[in-house]
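Here is how the chains run, residue by residue.
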Amino acid sequence: MTRPPRIPNLGGASAFILHRPHPTVQAITRQLSAIGLVTQDCWPELPPEALAADFVFFDADLGFDEQFPWKPGEAPMPLVALIGSEAPGRIEWALSHKADAQLLKPVGNAGVYSALLIARQSFEARKHLASEIASLRQRVAERQTIVRAVAALSKGTDDGRAYAQLRSLAMSWQISVEDAARRIVAMTDEEGGDDQSHRA
Amino acid sequence: MKRRIEIGILYSRSGSYQLISDACRLGAMRAIADVNADRRYGIELVPVERDPQSNADRYATLCEDIFKTSSARHVVGCVTSWSRKETIPVLEKAGGMLWYACPYEGFEANEHVVYMHACPNQHLVPLMAHVVPRFGANGFLLGSNYIWGWEMNRVARDLIADAGGKVLGERYLRIGETDVSRLIAEIRATRPNFILNNLIGTSSYAFLAAYRDLAGEDQAFSSDACPVISCNLTEGELPAIGESGKGHLSVGPYFAPRPAAFASSFEASAYASVQVIADVLARDPDAGPAEFSKAFAERRFSTRLGPIAIDAHSQHATLPVIIGRIADGFFEVVSREDEVSPDPYLSRYDPAKTFGRPRLRVVS
């Protein structure tokens, strides 16, 4: 098992603070600078450079979708919501952007460091899960391809052996079973769908 | 007529870490006397003193008392991180400032605290970088059971892993506990390359004495084979440790030369704290937090620790990093690096730079 790195290396990381000019911005900037991050505040829009930011803090009170250069929930970095009013509609909106952590306003002398670590961890976990789900979905979608490839290899005789052959082909081609199946189906189709045998 | 300015002093005059507390208090009081005797300052500092008697619960109330009953806005005080964290809400409420003259575990940057002694990139990281290539990377971690020991050992676990070593044990004792027989037995059984000592006060003295007895029985535990390394051990505690400290290592921003201006880095740091306060207030007796912050951003301060810069963002001091080996009643300097900027969150920590090229590991 690999052990996650525990000294969080935040030096030189960049953070954008999407909030109108306000003492809250100063309080966050001070804490971020003390930790070692480079900060930039902006309002009402995130500039293009924000796409390369390591963290984005955004105002949940006055924020709106058009401020972000990405669709709600698809931010390419961890987001921290700055919540002042706990109006349900505003919280719902912050949730639609999948904020990974939150800070309550007014921001005092602490809170930013834990928000950074929590946001980063939950963002990484979410990204990891999303990519795992995408790859599983893709594999599930290939069920039919596998059935067709096994049928093409077995020519109606022994399905078990045909499946074993498919797996060993995948291994020798060093690709997934699904990709191997797709290749076999494509070859079979090229051959006009007739039942000439395919030999690897 | 000199302007009188009250200044809070919050050090315990009794208890298990009294030697450290006394050293800090002495430094602050000496500096106040020297500032008052020096015409150039044109101010008179009047100490407002409270004694929490090493009771962590009394720091906040006594700090509040200083703010309520005097005009003091600056307090030089606190030894343990526990007491520092207890006073922070009071400081925030009163708009006061704590000048903290002890090494601490890092990962804090409160704008009501000025951190005048070392943080991890100025103590633990350079100390481990020194020890690992010379003695090995396998460590045994000790601590008193509160935040200093817990957090220091947490960072140490990461450093040891980065250095390719193993943590062979991690043990905590209640503050003031002196029964160390089990620790000694475990160290004898696990045979580490070094021991990181985050015990404080009487527990630390008891451990060092018992460890010396162990070395007497087995040379593998002599200080030149398996040293005890500390980030808060200074000259002030050498009389309590005596012969059993000999050869072991410590790190700090100051070790007393002979003859010495100060007996320890605690004293020197507390002295420097008062010097910086006096320096800013002499120019502007009404200076508040904003003016102090501006002074940190713009200036360096000449103190008895040498020229000092204070990082305006984190309010931590730039300090020398000195590694010392205990000789007869003093530390001989093993290595020295000047003007190491503070990095309280270890944001700039680089394992490759600290421990050289990373070793290849078996991937399982």
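All figures in this text were calculated on a predicted structure; none of them were measured in a lab.

A. Inspection of the overall build of chain A at higher detail. A tally of regular secondary structure across chain A gives six helices and five strands. Along chain A, helices (α) and strands (β) appear in the sequence β-α-β-β-β-α-β-α-α-α-α when read from the amino end. In summary, chain A has a C-alpha radius of gyration of 25 Å against a globular reference of 16 Å for 200 residues, an excess of more than 25%. With the C-alpha coordinates aligned to their principal axes, the bounding extent of chain A is approximately 75 × 35 × 30 Å. Out of the 200 residues in chain A, the part that is buried amounts to 28%. Considering only intrachain contacts with a sequence separation of at least 6, the fraction spanning at least 24 residues in chain A is 50%.

B. Representation of the overall build of chain B within the structure. Across its full length, chain B holds 11 helices and 14 strands. For a compact globule of 364 residues, the expected C-alpha radius of gyration is about 21 Å, and chain B comes in at 20 Å, within 12% of that figure. Each principal axis of the C-alpha distribution contributes one length, and for chain B these read about 65 × 40 × 40 Å. Considering only intrachain contacts with a sequence separation of at least 6, the fraction spanning at least 24 residues in chain B is 71%.

C. Looking closely at the sheet that holds strand β8 (residues 194–198) of chain B. Residues and elements named next belong to chain B. Sheet architecture is open: seven strands sit in the order β7-β6-β8-β9-β10-β13-β14, paired in mixed fashion. The open sheet has two edge strands with one neighbour each: β7 (167–173) and β14 (331–340). When strand polarity is set aside, the average angle formed by the axes of neighbouring strands in this sheet is 15 degrees. Relative to strand β13 (residues 319–326), helix α4 (residues 124–135) is tilted by about 40 degrees, and along the sheet it contacts β8, β9 (228–230), β10 (249–252), β13 and β14.

D. Up close: the sheet that holds strand β1 (residues 14–18) of chain A. Residue and element names in this part refer to chain A. Pairing is parallel in the open sheet, where five strands are placed in the order β2-β1-β3-β4-β5. Strands at the two margins of the open sheet, each flanked by one partner only, are β2 (38–42) and β5 (101–104). On average, each strand axis in the sheet is tilted by 20 degrees relative to the strand beside it, whichever way the strands run. Relative to β5, strand β4 (residues 79–83) is paired through four bridges, and the arrangement is parallel. Looking across to β5, one finds that I83 is bridged to L104. Running at roughly 160 degrees to β5, helix α3 (residues 112–141) makes contact with β3 (55–59), β4 and β5 of the sheet.

E. Helix α5 (residues 159–173) of chain A, seen in detail. In a regular helix each residue adds 1.5 Å, so 15 residues correspond to 21 Å; α5(A) covers 21 Å between its end C-alpha atoms and thus fits that length. Where α5(A) terminates, the next one or two residues include Q174(A), which has phi positive at roughly 55 degrees.

F. Region of the structure containing the confidence of the model for chain B. Of all residues in chain B, 98% have pLDDT values of 70 or greater, and the mean over the chain is 93. Averaged over each element, pLDDT in chain B is lowest for strand β12 (residues 306–309) of chain B (88) and highest for β9(B) (98).

G. View of the pairing of strand β11 (residues 300–303) of chain B. Residues and elements named next belong to chain B. Here β11 shows one buried face, formed by F301 and T303, and one open face, formed by R300 and S302. As defined by bridge partners, β11 adjoins β12 across four bridges and the pair is classed as antiparallel. Residue pairing for β12: F301 is matched across the bridge by I308. In this antiparallel pair of consecutive strands, β11 and β12, the connection spans two residues.

H. Just the domain arrangement of chain A, in detail. Taken domain by domain, chain A comprises domain 1 (14–137) and domain 2 (142–190). Distance from the C-alpha centre of domain 1 of chain A to the C-alpha centre of domain 2 of chain A: 46 Å.

I. Main features of the domain arrangement of chain B. Residues and elements named next belong to chain B. Structurally, chain B comprises domain 1 (3–117 + 258–319) and domain 2 (121–254 + 321–355). Relative placement of domain 1 and domain 2: their C-alpha centres are 27 Å apart. Contacts between the two partners involve 30 residues from domain 1, matched on the other side by 31 residues from domain 2. Where the side of domain 1 that touches domain 2 is concerned, the elements lending two or more residues are α1 (18–37), α3 (81–94) and α9 (265–283). Taken together, the residues of the side of domain 1 that touches domain 2 break down into 16 nonpolar, 10 polar and four charged.

J. Molecular detail of the interface of chain A and chain B. Taken together, the contacts link 13 residues of chain A with 16 residues of chain B. Here the element with the most residues in the side of chain A that touches chain B is helix α1 (residues 23–35) of chain A; it accounts for four residues. Its residues assigned to classes, the side of chain A that touches chain B shows five nonpolar, five polar and three charged.

K. Region of the structure containing unusual backbone geometry. Looking along the chain, the bond that leaves W43(A) and enters P44(A) is cis, with omega of 5 degrees. Note that P44(A) resides in the loop between β2 and β3. Along the chain, K105(A) connects to P106(A) via a cis peptide bond; the corresponding omega equals 0 degrees. On the secondary structure map, P106(A) appears in the loop between β5 and α3. Phi angles above zero are rare outside glycine, and Q53(B) is one such case at about 55 degrees. Tracing the sequence through the fold places Q53(B) in the loop between β2 (43–50) and α2 (56–69). Notably, S54(B) is not glycine yet its phi reads approximately 60 degrees, a positive angle.

L. Region of the structure containing the packing of α1(B) against α9(B). Residues and elements named next belong to chain B. With their axes 7 Å apart at the nearest point, α1 and α9 run at an angle of 35 degrees to one another. As for the relative orientation of α1 and α9, their crossing is right-handed in sense. Across the interface between the two elements, I20, A23, C24, L26, G27, A28, R30, A31, I32 and V35 of α1 pack against F266, E267, A268, S269, A270, Y271, S273, V274, Q275 and A278 of α9. The residue makeup of the contact of α1 with α9, split by class, is 14 nonpolar, four polar and two charged.

M. Fine view of the confidence of the model for chain A. Chain-level statistics for chain A give a pLDDT mean of 89 and a share of 93% at 70 or above. This stretch, residues 195–200 of chain A, has a pLDDT under 50; its non-local contacts, to residues over four places away or in other chains, come to eight contacts.

N. Main features of the pairing of β2(A). All names here are of chain A. Two elements, β1 and β2, share five bridges in a ladder whose sense is parallel. Across the sheet, residue A15 finds its bridge partner in β2, namely T39. Running through α1, the crossover from β1 to the neighbouring parallel element β2 is right-handed.

O. Main features of the environment of V155(B). On the secondary structure map, V155(B) appears in helix α5 (residues 147–162). Separated by 77 residues in the primary sequence, V155(B) and N232(B) have C-alpha atoms spaced 15 Å apart. Leaving out residues up to four positions away in the same chain, V155(B) has contacts with I7(A), P120(B) and L124(B).

So, how was this worked out
- Residues numbered from 1 in each chain as written.
- Chains lettered and ligands numbered in written order.
- Predicted model: local features only at pLDDT ≥ 70, side-chain atom pairs only at ≥ 80, totals over all residues.
- Helix = DSSP H or I, 4+ residues; strand = E, 2+ residues; numbered from the N terminus.
- Rg over C-alpha atoms; globule rule 2.2 N^0.38 Å.
- Buried ≥ 20, exposed ≤ 12 C-beta atoms within 10 Å, placed from the backbone.
- Contact = placed C-beta atoms within 7 Å.
- Pairing = 2+ DSSP bridges.
- Axes fitted to C-alpha atoms, helices over the stretch in contact; angles between N-to-C directions.
- Expected span 1.5 Å × (residues − 1).
- pLDDT = per-residue confidence, 0-100.
- Domains from an automatic or database assignment.
- Nonpolar A, V, L, I, M, F, W, Y, C, P; charged D, E, K, R; others polar.
- Left-handed = near helix turned anticlockwise from the far one by under 90°.
- Right-handed = clockwise from strand over helix to strand, strands pointing away.

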